[in-house]
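Observations on chain architecture
These are the residues of each chain, in order.
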Amino acid sequence: MARSHCFTDGPSSDSIRATTELKNIQEITEQKGMYDAREKAILDYESGLIDALQEGLQEGLQEGEVIGRIRLLQELLDLPLSNQEELSSRSVDDLIATMDDLQAKLRSREA
């Protein structure tokens, strides 16, 4: 006698396999999403570090350039040279103000 498929027979092995596959796919998709989010966070962090490093290097170059000009102006004005460490401890804005003052003194001396 042929067996009829009715709802009381329970799930077939094919439907169990399909359900298991769907759960596996869902789990893999969730794991990939977490991996992608983690990779993005790492890249964002590294990008921030690189930006900060570049900004710091730029500020350091500017500071070094201003310090060099201050010392040159001091030489041209026959002033005692400022200590490199003392100059390096000052802010760039303060260094620029000092440089501007020395340039004004040199201009007034030449006039």
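For the structure itself, consult the block above.
Quick caveat: nothing in here was measured; it's all calculated off a predicted structure.

Examining the overall build of the protein
- Helix and strand counts for the protein stand at three helices and zero strands.
- For 111 residues, the compact-globule formula gives about 13 Å, and the C-alpha radius of gyration of the protein, at 36 Å, lies well above that figure.
- With respect to the three principal axes, the spread of C-alpha positions in the protein is 120 × 25 × 15 Å.
- Per-residue burial over the protein gives 14% buried out of 111 residues.
- Restricting the contact set of the protein to residue pairs at least 6 apart, pairs at least 24 apart contribute 62%.
- Per element, the accessible surface of the protein, about 9,200 Å² overall, is 57% carbon and sulfur.
- Where the 12 positive side-chain charges of the protein centre and where its 23 negative ones centre are 4 Å apart.

Structural notes on the pattern of salt bridges
- Under the counting rule described, the total for this entry stands at six salt bridges.
- Two residues, Arg17 and Asp14, come together in a salt bridge whose shortest N-O distance is 2.4 Å. Residue Arg17 and its partner Asp14 are located together in helix α1 (residues 13-76), separated by three residues, close to a single helical turn.
- What emerges from the salt-bridge pattern is a single network uniting Glu86, Arg90 and Asp94.

Notes on the side chain of Ser82
- If you trace the backbone, Ser82 turns up in the loop between α1 and α2 (84-88).
- With residues near it in sequence (within four places) discarded, Ser82 still touches Arg71, Gln74 and Leu87.

Details of α1
- The first and last C-alpha atoms of α1 sit 94 Å apart over 64 residues, in line with the 94 Å expected at 1.5 Å per residue.
- Taken together, the buried positions of α1 are occupied by Val66, Ile67, Ile70, Leu73 and Gln74.
- Once α1 ends, the next one or two residues include Asp78, with phi positive near 55°.

Quick look at the packing of α1 against helix α3 (residues 92-110)
- Closest axis-to-axis distance for the α1/α3 pair is 9 Å, and the angle between their directions is 30°. Relative to α3, α1 is oriented roughly parallel. Here α1 and α3 pass one another in a crossing that is left-handed. Between α1 and α3, the residues in contact are Glu59, Gln62, Glu63, Val66, Ile67, Arg69, Ile70, Leu73, Gln74 and Leu76 and Val92, Leu95, Ile96, Thr98, Met99, Leu102, Gln103, Leu106 and Arg109, respectively.
- Here the contact of α1 with α3 is built from residues that sort into 11 nonpolar, four polar and four charged.

Things to note about the nonpolar core
- Val66, Ile67, Ile70, Leu73, Leu77, Leu87, Leu95, Met99, Leu102 and Leu106 form the largest nonpolar core, which has 10 residues in total.
- Residue assignment for this core shows that the elements contributing at least two residues are α1 and α3.
- The contacts of Leu106, once residues within four sequence positions are left out, are Leu73, Leu76 and Leu77.

With respect to the environment of Leu57
- For Leu57, the position within the fold is in helix α1.
- Each C-alpha atom, one on Leu57 and one on Asp93, is 16 Å from the other, the two residues being 36 residues apart in sequence.

Side note on the side chain of Gln74
- Within the secondary structure, Gln74 is located in helix α1.
- Within the structure, Gln74 has its side chain in polar contact with the side chain of Ser82 (distance 2.6 Å).
- When sequence neighbours within four positions are dropped, the list of residues in contact with Gln74 reads Leu79, Pro80, Leu81, Ser82 and Leu102.

Definitions and limits used
Residues numbered from 1 in each chain as written. Predicted model: local features only at pLDDT ≥ 70, side-chain atom pairs only at ≥ 80, totals over all residues. Heavy atoms only, no water. Helix = DSSP H or I, 4+ residues; strand = E, 2+ residues; numbered from the N terminus. Rg over C-alpha atoms; globule rule 2.2 N^0.38 Å. Buried < 20%, exposed > 50% of the residue type's maximum accessible area, 1.4 Å probe, protein only. Contact = heavy atoms within 4.5 Å. Areas by Shrake-Rupley, 256 points an atom, 1.4 Å probe, with all protein chains shown as cover. Lys, Arg positive; Asp, Glu negative; His and termini not counted. Charge placed at Lys NZ, Arg CZ, Asp CG, Glu CD. Salt bridge = Lys/Arg side-chain N within 4 Å of Asp/Glu carboxyl O. Expected span 1.5 Å × (residues − 1). Axes fitted to C-alpha atoms, helices over the stretch in contact; angles between N-to-C directions. Parallel < 35°, antiparallel > 145°, perpendicular 65-115°, else oblique. Left-handed = near helix turned anticlockwise from the far one by under 90°. Nonpolar A, V, L, I, M, F, W, Y, C, P; charged D, E, K, R; others polar. Core = buried A, V, L, I, M, F, W, Y, C linked by side-chain atoms within 4.5 Å. Polar contact = N/O pair within 3.5 Å; in protein donor to acceptor, adjacent residues only side chain to side chain.

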